[in-house]
Amino acid sequence: PRPPVVTVMGHVDHGKTSLLDAIRKTKVAEGEAGGITQHIGAYSVSVAGRGTITFLDTPGHAAFTEMRARGAQVTDIVILVVAADDGVMPQTEEAVRHAQAAEVPIIVAVNKIDRPDANVDRISQQLSKLGLMSEAWGGETLFVQTSAPKREGIDQLLDAILLQAEMLELTASEEGHATGTVVEAKLDRGRGPVATILVQNGVLKRGAPIVVGECSGKIRAMTDHVGRDIKQAGPSSAVEITGLDGVPDAGDKFNAVEDAEAARDIAQNRMSQRKAHEVTGSTRMSLDDLMKKMSAKEQLTLNLVIKADVQGSVEALRGAVEKLSTGEVKVHVLFSGVGGVKESDILLASASSGMIVAFGVRPDSNARAIGEREHVEIRSYSIIYELLDDVRRAMQGLLKPESREKIVGHAEIRELS
């Protein structure tokens with residue numbers, strides 16, 4: 001068994017870092033610019049008699065999705081923080097959609113319940129429309145009421161996390177070479193490249209040769225989240241390491257290897273493969289690509305992000321495309337909203353191998369550039385029937401042709417020569 005890895009998400013200023021601050025009894029939020037998290041932090045918290053929980057404090061859903069876009073599914077549980085006096089906000093809804101797209105269990109922390117205008121029932125009602133029904137209302141989502149300044153509900157939140165972790169039956173192996181994922185990385189003027197990594201399997205030891213994405217090196221120093229030097233780290237441990245020859249990307253995989261020369265060879269090979277992949281093109285899903293998957297036996301899924309000019313169009317489009325689903329092909333709407341196509345929409349589609357359909361709106365130049373970089377298809381429409389026809393034609397092309405035998409006549413053999 002291994003400790004759960006928990007990501008805290010939610011709208012800005014709803015108390016994500018303050019809630020973590022109350023849990024780990026430090027003053028991280030006060031030392032950050034404007035009291036807002038500007039980077040990804042990883043922290044391990046020990047619960048007396050119950051074990052350890054590793055928290056990832058993110059600046060929002062974007063970092064969560066960027067890591068998932070690189071194939072780094074590091075999170076076991078998502079804590080959705082919603083301020084009781086503010087309610088569900090646009091970024092709250094986006095965080096829910098991103099967590100649901102990743103198929104990660106969600107625990108709702110209704111924060112700031114000490115405020116005079118707090119309204120917990122309103123939060124439950126708003127989240128129920130997003131598919132998060134409270135257990136108190138007959139649903140399956142755990143809701144915990146918290147107040148970070150007064151440390152109310154902290155124990156209940158930790159119990160809910162550990163209960164969810166027991167249901168997930170999380171396990172890892174301590175045998176073999178350590179593997180894991182980069183949570184964040186930076187270039188420190190005094191120490192050189194520094195990476196915060198999450199160990200997922202095996203035991204990582206100080207001095208071990210390591211390859212991280214296209215970087216390699218030998219672990220010179222390894223510290224925990226409070227800066228203490230440690231000699232080794234097991235599964236679900238978040239540690240900071242130095243000794244790499246470059247700065248890796250968040251979401252890159254790391255592997256401990258036999259020797260430094262092997263690490264350099266692997267890193268060089270990965271760099272060559274990336275360059276070759278950039279030449280050959282992308283593997284992102286488009287409507288045309290879906291046609292080529294006709295031979296797949298499992299039910300195919302077309303992931304869509306829908307953006308429109310008004311809320312009425314959003315609701316109409318979402319309902320219309322979902323009704324197109326059949327037993328062979330399912331249309332899954334990852335997210336739908338009002339406004340132009342933004343960077344977060346492209347990252348969500350990229351992470352889920354989906355595409356974006358825009359009705360009455362268009363992406364700006366920045367979003368279009370990111371879409372080209374991430375190889376996400378963006379289609380714009382001004383007539384709803386053209387949009388539905390495109391989706392319908394793609395789904396029809398996925399269906400296997402039916403073979404039927406039709407007898408058109410009979411013959412009798414009278415003689416063989």
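Preceding this paragraph is the structure being described.
Residues numbered from 1 in each chain as written. Predicted model: local features only at pLDDT ≥ 70, side-chain atom pairs only at ≥ 80, totals over all residues. Heavy atoms only, no water.

## What to know about the pattern of salt bridges
Here is step 1: One pass over the structure, following the stated rule, counts 12 salt bridges.
Here is step 2: Note that Arg373 is salt-bridged to Glu374, the shortest N-O span being 3.3 Å.
Here is step 3: You can call Arg373 exposed: its relative accessible area is 53%.
Here is step 4: Here Asp390 makes a salt bridge to Arg379, at a shortest N to O gap of 3.4 Å. Of this pair, Asp390 sits in helix H11 (residues 384-398) while Arg379 sits in strand S18 (residues 378-381), and the two are 11 residues apart along the sequence.
Here is step 5: Sharing partners across several salt bridges, the network here consists of Glu377, Arg379 and Asp390. (Salt bridge = Lys/Arg side-chain N within 4 Å of Asp/Glu carboxyl O. Buried < 20%, exposed > 50% of the residue type's maximum accessible area, 1.4 Å probe, protein only. Helix = DSSP H or I, 4+ residues; strand = E, 2+ residues; numbered from the N terminus.)

## Thoughts on the packing of helix H9 (residues 343-351) against helix H10 (residues 365-374)
Here is step 1: The geometry of H9 relative to H10 is characterised by a closest axis approach of 9 Å and an angle of 15 degrees between their N-to-C directions. Between H9 and H10, the interaxial angle falls into the category roughly parallel. When the axes of H9 and H10 are compared, the crossing they make is right-handed. Of the residues in H10, those touching H9 at Glu343, Ile346 and Ser350 are Ala367, Ile370, Gly371 and Glu374. (Axes fitted to C-alpha atoms, helices over the stretch in contact; angles between N-to-C directions. Parallel < 35°, antiparallel > 145°, perpendicular 65-115°, else oblique. Left-handed = near helix turned anticlockwise from the far one by under 90°. Contact = heavy atoms within 4.5 Å.)

## Some details on the nonpolar core
Here is step 1: Ranked by internal contacts, the top residues of the largest apolar core, which has 26 residues, are Ile23, Ile53, Phe55, Ile79, Ile107, Leu157 and Ile161.
Here is step 2: Looking at this core, the elements with two or more residues in it are strand S1 (5-10), helix H1 (16-24), strand S2 (41-47), strand S3 (51-57), strand S4 (77-83), strand S5 (106-111), strand S6 (142-145) and helix H5 (154-168).
Here is step 3: The element best represented in this core is H5, accounting for 7 residues.
Here is step 4: Leave out the neighbours within four places in its chain, and Ile53 touches Pro4, Val6, Tyr43, Ser44, Val45, Val47, Leu158, Ile161 and Leu162.
Here is step 5: Listed in part, the 19 residues of the second largest apolar core include Ile306, Val329, Val333 and Met395. (Core = buried A, V, L, I, M, F, W, Y, C linked by side-chain atoms within 4.5 Å.)

## Regarding H1
Here is step 1: The buried count for H1 comes to 8 of 9 residues, which makes it a mostly enclosed element.
Here is step 2: Every buried residue belonging to H1 is among Lys16, Thr17, Leu19, Leu20, Asp21, Ala22, Ile23 and Arg24, and all of these are buried.
Here is step 3: Once H1 ends, the next one or two residues include Lys25, with phi positive near 55 degrees.

## Some points on the sheet that holds strand S15 (residues 300-308)
Here is step 1: Pairing is parallel in the open sheet, where 4 strands are placed in the order S16-S15-S17-S18. The open sheet has two edge strands, strand S16 (329-338) and S18, and neither has a second partner. On average, each strand axis in the sheet is inclined to that of its neighbour by 25 degrees, with strand direction left out of account.
Here is step 2: Where S15 and strand S17 (residues 355-359) come together, 5 bridges link them in parallel fashion. Each bridged residue has a counterpart across the sheet, and for Lys307 the counterpart in S17 is Ala358. (Pairing = 2+ DSSP bridges.)

## Comments concerning the side chain of Ser236
Here is step 1: Position of Ser236 relative to the elements: it lies in the loop between strand S12 (232-233) and strand S13 (238-244).
Here is step 2: According to the relative accessible area criterion, Ser236 is buried, its value standing at 4%.
Here is step 3: Side-chain polar atoms of Ser236 contact the backbone oxygen of Pro3, separated by 2.7 Å.
Here is step 4: Excluding residues that lie within four positions of it along the chain, Ser236 makes contacts with Arg2, Pro3, Val5, Thr54, Leu198 and Val199. (Polar contact = N/O pair within 3.5 Å; in protein donor to acceptor, adjacent residues only side chain to side chain.)

## Some points on the sheet that holds strand S14 (residues 253-256)
Here is step 1: Around the barrel, which closes on itself, the 6 strands sit in the order S7-S8-S13-S11-S10-S14 with antiparallel pairing between neighbours. Mean inter-strand twist for the sheet, computed between neighbouring axes without regard to direction, equals 45 degrees.
Here is step 2: With 5 bridges connecting them, strand S8 (residues 192-201) and S13 associate as antiparallel partners. Its bridge partner lying in S13, Val194 is registered against Thr242.

## Let's talk about the pairing of S18
Here is step 1: Relative to S18, S17 is paired through 4 bridges, and the arrangement is parallel. Note that in S18 the partner of Phe359 across the bridge is Tyr381.

## Some words on helix H4 (residues 120-128)
Here is step 1: For H4, the full list of buried residues reads Ile123, Ser124 and Leu127. Angularly, the buried residues of H4 cover 100 degrees about the axis, an arc narrow enough to put them on a single face.
Here is step 2: Buried residues along H4 sit against S4, S5 and S6.
Here is step 3: Two or three places before Asp121, at the start of H4, stands the capping residue Asn119, its side-chain oxygen 3.4 Å from that residue's backbone nitrogen. (Arc of directions from axis to C-beta.)

## So, the environment of Val120
Here is step 1: Relative to the helices and strands, Val120 resides in helix H4.
Here is step 2: Considering only alpha carbons, one finds Val120 and Gln145, 25 residues apart in sequence, at a separation of 8.1 Å.
Here is step 3: For Val120, the contacting residues outside a window of four places in its chain are Val110, Ile113 and Gln145.

## Points about the packing of H1 against H5
Here is step 1: Taken N-terminus to C-terminus, the directions of H1 and H5 make an angle of 95 degrees; their axes are 10 Å apart at the nearest point. Considered as vectors, H1 and H5 are oriented roughly perpendicular to each other. In contact with Leu19, Ala22 and Ile23 of H1, H5 contributes Ile154, Leu157 and Leu158.
Here is step 2: Per-class residue counts for the contact of H1 with H5 are 6 nonpolar, no polar and no charged. (Nonpolar A, V, L, I, M, F, W, Y, C, P; charged D, E, K, R; others polar.)

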